[in-house]
Amino acid sequence: MQLKWRLSHTQGYLQLGMVDEAAAELRQIPVNERGSTDVLTLRVAVLQEQGRWRALRLAAAELVRRQPTEPASWITWAFATRRSRSVVEAEQILLEAEIRHPKEATIQFNLGCYACLRGDLGEAQRRVRRAIALNGNFRAHARADPDLVALRANPGGVKF
């Protein structure tokens, strides 16, 4: 079968929430065609849905290497790193991503979450405020994200 057909089916399965079927479709792609960025992008999506954080961390890092201009790849890499390694390592990834994508609200928000988890409430507040300034939708996230409990509980902290 053609690669394009397999990729289309993989995307379709993912959109339907059929993760096992999407993974099976990717496994059907011939080995010599698995190295394309399109295949890697879908592999990253499948691994994220499966919660396979170690494998996702490696795949997302490769995607960042290939496409450093895509902020979502950096965010995914950091997300997987947080779950498979540590918040500190994930934060380092996003600090590098911030240099390339200074106006990406999700990067700012996640850096705020990481700062809060490290106990740096001043930095957390600054980052979350920046995220909200870039994208007002983050106000609702700030009110509910479990990573920001300490920031919300801080009497001198910002109210979202």
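Residues numbered from 1 in each chain as written. Predicted model: local features only at pLDDT ≥ 70, side-chain atom pairs only at ≥ 80, totals over all residues. Heavy atoms only, no water.

(A) Examining the side chain of Ser84 more closely. Structurally, Ser84 is set in helix α5 (residues 71–84). At 2.8 Å, the side chain of Ser84 forms a polar contact with the backbone oxygen of Ala80. The residues contacting Ser84, other than those within four sequence positions of it, are Trp53, Arg54 and Arg57. (Helix = DSSP H or I, 4+ residues; strand = E, 2+ residues; numbered from the N terminus. Polar contact = N/O pair within 3.5 Å; in protein donor to acceptor, adjacent residues only side chain to side chain. Contact = heavy atoms within 4.5 Å.)

(B) View of the side chain of Arg57. Structurally, Arg57 can be placed in helix α4 (residues 53–66). Among all residues touching Arg57, those that are not within four sequence positions of it are Trp77, Ala80, Thr81, Ser84 and Arg85.

(C) View of the nonpolar core. One finds Leu94, Phe109, Val128, Ala142, Leu148 and Leu151 to be the most contacted residues of the largest nonpolar core, which totals 25 residues. Setting aside residues no more than four positions away along its own chain, Ala142 makes contact with Phe109, Val128, Ile132, Leu148, Arg152 and Phe160. Counting ten residues, the second-largest nonpolar core is a separate cluster that includes Leu7, Val19, Leu26 and Val39. (Core = buried A, V, L, I, M, F, W, Y, C linked by side-chain atoms within 4.5 Å. Buried < 20%, exposed > 50% of the residue type's maximum accessible area, 1.4 Å probe, protein only.)

(D) Spatial organisation of the pattern of salt bridges. Applying the stated rule across the entire model yields nine salt bridges. As a salt-bridge pair, Arg82 and Asp147 come within 2.6 Å of each other at their nearest N and O atoms. Placement of the pair is Arg82 in helix α5 and Asp147 in the loop between α9 (138–144) and α10 (149–153), with a sequence separation of 65 residues. When its relative accessible area of 14% is taken as the criterion, Asp147 is described as buried. (Salt bridge = Lys/Arg side-chain N within 4 Å of Asp/Glu carboxyl O.)

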